[in-house]
Amino acid sequence: MSALARPTHGRVIGGVCAALARRFGTSATTMRVIFLLSCLLPGPQFVLYIALWVLLPAENGPRTAW
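What comes next concerns the included structure. All values reported here derive from a predicted model rather than from experimental measurement. (Residues numbered from 1 in each chain as written. Predicted model: local features only at pLDDT ≥ 70, side-chain atom pairs only at ≥ 80, totals over all residues. Heavy atoms only, no water.)

## A short note on helix H1 (residues 16-24)
Residues three or four positions apart in an α-helix share a direction because the helix packs 3.6 residues into each turn. Applied cut-off: Three labels apply to residues, based on accessible area from a 1.4 Å probe with only protein chains included: buried if under 20% of the type maximum, exposed if over 50%, partly exposed otherwise in between. Under the DSSP-based scheme used, a helix requires at least four consecutive residues in state H or I and a strand at least two consecutive residues in state E, with every element numbered from the N terminus. Residues are treated as being in contact if the distance between any of their heavy atoms lies within 4.5 Å.
When we look at burial in H1, the residues that qualify are Val16, Cys17, Ala18, Ala19, Leu20 and Ala21. Looking at the buried residues of H1, the elements they touch are helix H2 (28-38) and helix H3 (45-55).

What follows is the structure in structure tokens.
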């Protein structure tokens, strides 16, 4: 398992699902579907997503300035 960091490539909104997918060895699409299905259940899914977006460090790598 790799360290938990938001990737610079392959992210859709904040890279949280891509980071979790990489950490647990699954595809990012699978993790996104699991997140969307969990939104049908009561709970703080959106708050948790935003908290992880803020708290997870971005992956170090080359960045493009645009």
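## Quick notes on the packing of aromatic side chains
Two descriptors summarise a pair of aromatic rings, namely the distance from one centre to the other and the angle between the planes of the rings. Cut-off, in case you're wondering: Two rings from Phe, Tyr or Trp (for Trp, the six-membered ring) form a pair when their centres are within 6.5 Å of each other. A pair whose planes differ by under 30 degrees is stacked, one over 60 is edge-to-face, and the rest are tilted.
In this structure the tally under the stated criterion is three aromatic pairs. Both rings, one in Phe35 and one in Phe46, keep their centres 6.0 Å apart while their planes meet at 90°; by these two values the pair is edge-to-face. Residue Phe35 is found in helix H2, and its partner Phe46 is found in helix H3; the two are separated by eleven residues along the sequence. Here Phe46 falls in the exposed class, since its relative accessible area comes to 56%. When the ring of Phe35 is compared with that of Tyr49, the centres are 5.4 Å apart and the planes differ by 40°; the resulting orientation is tilted. A residue pair is termed long-range when its members are at least 10 positions apart, and Phe35 in helix H2 and Tyr49 in helix H3 qualify at 14 residues.

## Focus: the side chain of Arg6
Defined as follows: Think of a polar contact as two N or O atoms within 3.5 Å of one another; within protein, one of them needs to be a possible hydrogen donor and the other a possible acceptor, and neighboring residues in sequence only count if both atoms come from side chains.
Relative to the elements of secondary structure, Arg6 occurs in the segment before H1. Of the polar contacts made by the side chain of Arg6, one reaches the backbone oxygen of Gly14; its length is 3.1 Å. Among the polar contacts made by the side chain of Arg6, one reaches the main-chain carbonyl oxygen of Trp53 at a distance of 3.5 Å. What Arg6 contacts, discounting residues up to four positions off in sequence, is Arg11, Gly14, Gly15, Val16, Ala19, Leu52, Trp53, Leu56, Pro57, Ala58 and Glu59.

## Concerning the packing of H1 against H3
Which entries qualify depends on this criterion: Interaxial angle, 0 to 180 degrees, is taken between N-to-C directions of lines fitted to C-alpha atoms, where a helix line uses only the stretch in contact. Under this scheme an angle from 65 to 115 degrees is roughly perpendicular, one under 35 degrees roughly parallel, and one over 145 degrees roughly antiparallel; angles in between are oblique.
Close contact between H1 and H3 brings their axes to 9 Å; oriented N to C, the two are set at 80°. The angle between the axes of H1 and H3 places the two elements in the roughly perpendicular class. Packed against H1, whose contacting residues are Val16, Cys17 and Leu20, the element H3 presents Tyr49, Leu52 and Trp53 at the interface.

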